Structure formats: structure tokens, C-alpha cells
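# Report on the structure
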Amino acid sequence: MRSSIGQQVLVRLTSLFFFLKSAAAQVCLSGSPLKLPTGCRGAELVRDPTFSKLSVADEGWHVYQKSASIDVQFTDTGVVLEAQKRSATAQLYDSLLWQKLDIEVPTSGGSYAFCLRAGSSIIQDKIRFAVDGGRENQYEVPGGRERIVWALPAQSTESRCFTFDLEGGMNFTARISIEFGSINGNVEICEASLLTCEQDSLETDS
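Attention in this report is confined to the structure presented alongside it. Remember, it's a predicted structure, so these values are computed and weren't measured experimentally.

Each value, and the rule that gives it
- Residues numbered from 1 in each chain as written.
- Predicted model: local features only at pLDDT ≥ 70, side-chain atom pairs only at ≥ 80, totals over all residues.
- Heavy atoms only, no water.
- Helix = DSSP H or I, 4+ residues; strand = E, 2+ residues; numbered from the N terminus.
- Buried < 20%, exposed > 50% of the residue type's maximum accessible area, 1.4 Å probe, protein only.
- Contact = heavy atoms within 4.5 Å.
- Areas by Shrake-Rupley, 256 points an atom, 1.4 Å probe, with all protein chains shown as cover.
- Salt bridge = Lys/Arg side-chain N within 4 Å of Asp/Glu carboxyl O.
- Lys, Arg positive; Asp, Glu negative; His and termini not counted.
- Polar contact = N/O pair within 3.5 Å; in protein donor to acceptor, adjacent residues only side chain to side chain.
- Pairing = 2+ DSSP bridges.
- Axes fitted to C-alpha atoms, helices over the stretch in contact; angles between N-to-C directions.
- Phe/Tyr/Trp six-rings, centres within 6.5 Å; stacked < 30°, edge-to-face > 60°.
- Lys NZ or Arg CZ within 6 Å of the ring centre and 35° of its normal.
- Core = buried A, V, L, I, M, F, W, Y, C linked by side-chain atoms within 4.5 Å.

### Details of the overall build of the protein
- For the protein, the helix and strand inventory stands at two helices and 11 strands.
- For the protein, the sequential pattern of α-helices and β-strands runs α-β-β-β-β-β-β-β-β-β-β-β-α.
- Here the protein holds 206 residues, and the buried ones make up 42% of them.
- For the protein, long-range pairs separated by at least 24 residues make up 80% of all intrachain contacts whose partners lie at least 6 apart in sequence.
- Accessible surface for the protein amounts to roughly 11,500 Å². Of this, 49% is attributable to carbon and sulfur atoms.

### Notes on the pattern of salt bridges
- A full pass over the atoms with the stated rule returns seven salt bridges.
- The partner of Arg-175 in a salt bridge is Asp-132, with the nearest N and O atoms 2.8 Å apart. Of this pair, Arg-175 sits in strand β10 (residues 171–179) while Asp-132 sits in strand β7 (residues 126–133), and the two are 43 residues apart along the sequence.
- Owing to a relative accessible area of 9%, Arg-175 belongs among the buried residues under this scheme.
- Among the ionic contacts, a cluster of salt bridges with common partners joins Asp-132, Arg-147 and Arg-175.

### Points about the side chain of Asp-48
- With respect to the secondary-structure elements, Asp-48 resides in the loop between β1 (40–41) and β2 (62–65).
- Buried and without a salt bridge, Asp-48 has Lys-53 as its closest oppositely charged side chain, separated by 6.6 Å.
- At 3.0 Å, the side chain of Asp-48 forms a polar contact with the backbone nitrogen of Ser-52.
- Dropping the residues within four chain positions of it, Asp-48 is found in contact with Lys-53 and Trp-61.

### Thoughts on the sheet that holds β2
- As summarised here, the arrangement of the five strands in space is β2-β5-β10-β7-β8, forming an open sheet in which the pairing is antiparallel. At either margin of the open sheet sits one strand with a lone partner, and together these are β2 and β8 (148–151). The sheet shows a mean angle of 25° between the axes of neighbouring strands, taken without regard to direction.
- The pairing of β7 with β8 spans four bridges and is classified as antiparallel. Counted as the bridge partner of Lys-126 is Ala-151 from β8.

### Focus: unusual backbone geometry
- Of note, the phi angle at Asp-48 is positive, near 60°, even though the residue is not glycine.
- Notably, Phe-51 is not glycine yet its phi reads approximately 55°, a positive angle.
- Within the fold, Phe-51 resides in the loop between β1 and β2.
- By relative accessible area, Phe-51 is classed as buried at 0%.

### Looking at the pairing of strand β3 (residues 70–75)
- One ladder, built from six bridges, connects β3 with strand β4 (residues 78–83); its direction is antiparallel. Bridging from a neighbouring strand, Asp-71 pairs with Glu-82 of β4.
- Hairpin geometry of β3 and β4 is characterised by an intervening segment of two residues between the two adjacent antiparallel strands.

### Thoughts on the packing of aromatic side chains
- Counted according to the given criterion, the structure contains five aromatic pairs.
- Here the aromatic cluster, defined as three or more aromatic residues joined through ring pairs, consists of Tyr-112, Phe-162 and Phe-164.
- In this arrangement the basic side chain of Arg-175 is found over the ring face of Tyr-139, its NZ or CZ atom lying 3.8 Å from the centre.

### Concerning the nonpolar core
- One finds Ile-103, Phe-114, Ile-178 and Ile-189 to be the most contacted residues of the largest nonpolar core, which totals 37 residues.
- In terms of nonpolar packing, the next biggest core, distinct from the first, is built from six residues, Cys-40, Cys-115, Leu-195 and Cys-197 among them.

Shown next, in the form of C-alpha cells:
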């Protein structure tokens with residue numbers, strides 16, 4: 001009898017967990033799919049493009065927070081970032097999602113686009129993102145390009161891309177960085193993609 005009751009409670013808790021998990025990412029369930037620049041194709045370089053889970057190994061998504069002020073929830077349709085408290089002094093780089101990967105650049109060089117689809121549930125919060133490389137605490141963006149600071153749309157999603165070039169004949173250890181340390185509401189990042197692109201297509205779409 002006790003075993004049966006325990007199983008019923010476990011089933012209800014499991015159902016509640018999946019209901020809350022699916023309800024969390026409401027903005028990601030609407031809007032258009034991730035929009036990529038024309039001419040970008042090939043194998044997807046991002047591991048876990050829909051942010052399904054926090055990585056416990058070297059591969060996949062990791063979270064850094066200077067203080068535990070933002071709740072980070074991985075779902076099947078994106079990652080939900082919810083501010084637990086507001087701070088007038090918080091900086092974007094105080095909290096970030098990141099993953100590292102190796103990019104084998106062709107001898108002729110390569111052009112790339114790192115794109116996100118994201119939105120805000122309540123207000124137009126800002127995130128900042130880029131692909132960089134180098135030593136820890138000394139990361140540099142290829143070509144000295146500016147990281148993209150993005151004021152997210154409210155109650156909908158949009159796509160935005162960071163483009164960069166790499167010199168030929170190198171193996172570039174890249175870090176994908178999505179900073180969100182100064183958000184004040186709920187932000188949802190639905191999809192991510194990093195692809196090789198034709199240079200002409202980036203010049204046209206950016």
C-alpha cells in the first residue's frame with residue numbers, strides 16, 4: 001500500500017516537473033525559427049544548440065556567475081534566465097553561458113556566423129554575445145570586433161548574428177560567450193548556431 005502511494009506521489013511530482021519545465025520557456029515557443037545568414041552551411045559547431053541541459057563534462061554549456069543572483073533553467077526549448085534580485089551595479093559579464101570548441105580553419109581562411117534566437121518575457125533586457133579565444137581572463141574577439149549588445153524584443157523572439165573571420169591554416173580554440181549579468185526580468189535564449197559562411201553572404205546580410 002505504502003509503495004503504491006509512493007509511486008503515485010512520484011508520478012505526480014514528475015508530471016509537475018515537466019509541466020513547469022515546458023511552461024518556463026513560453027517566449028521560445030512562439031516566433032519564427034532561428035534566422036541564419038544566406039550562404040552559411042555545413043556541420044553545426046555548437047554543441048546542444050537548444051540548451052537542453054547543463055554540461056557536467058568539458059563539452060556543452062557551462063554557467064558562470066559572480067553571485068547567485070540569476071536563476072538559470074535549461075529546458076527542451078531553450079534556456080530561461082530569471083533575475084532573482086536587482087542590482088544597480090551589476091555588469092553583463094557578471095553572469096554568462098559559455099562553451100569551448102575547436103575550429104579547424106581551412107588553409108584559405110574562414111568566415112563564420114554565431115547566431116542566437118532570443119527574447120524577453122516582460123521587458124527589453126540586454127544580453128551581450130560573441131565568439132572569442134585566448135587565455136582565461138584574457139579572451140579576445142577575432143579581428144578586434146565588438147561584442148554584440150542586444151536589447152531583446154518583449155513577448156517575442158528575434159535572431160541576431162555575430163560574424164567573424166579567422167586566418168587560414170590554424171586550429172582555433174574558441175569560446176562561445178553569452179553574457180546576461182545585468183538583466184532585470186526574464187530572458188529566454190531559444191537556439192544557438194555557429195556555422196561556416198561564404199564571405200559575400202556575410203557582407204550582404206550583416
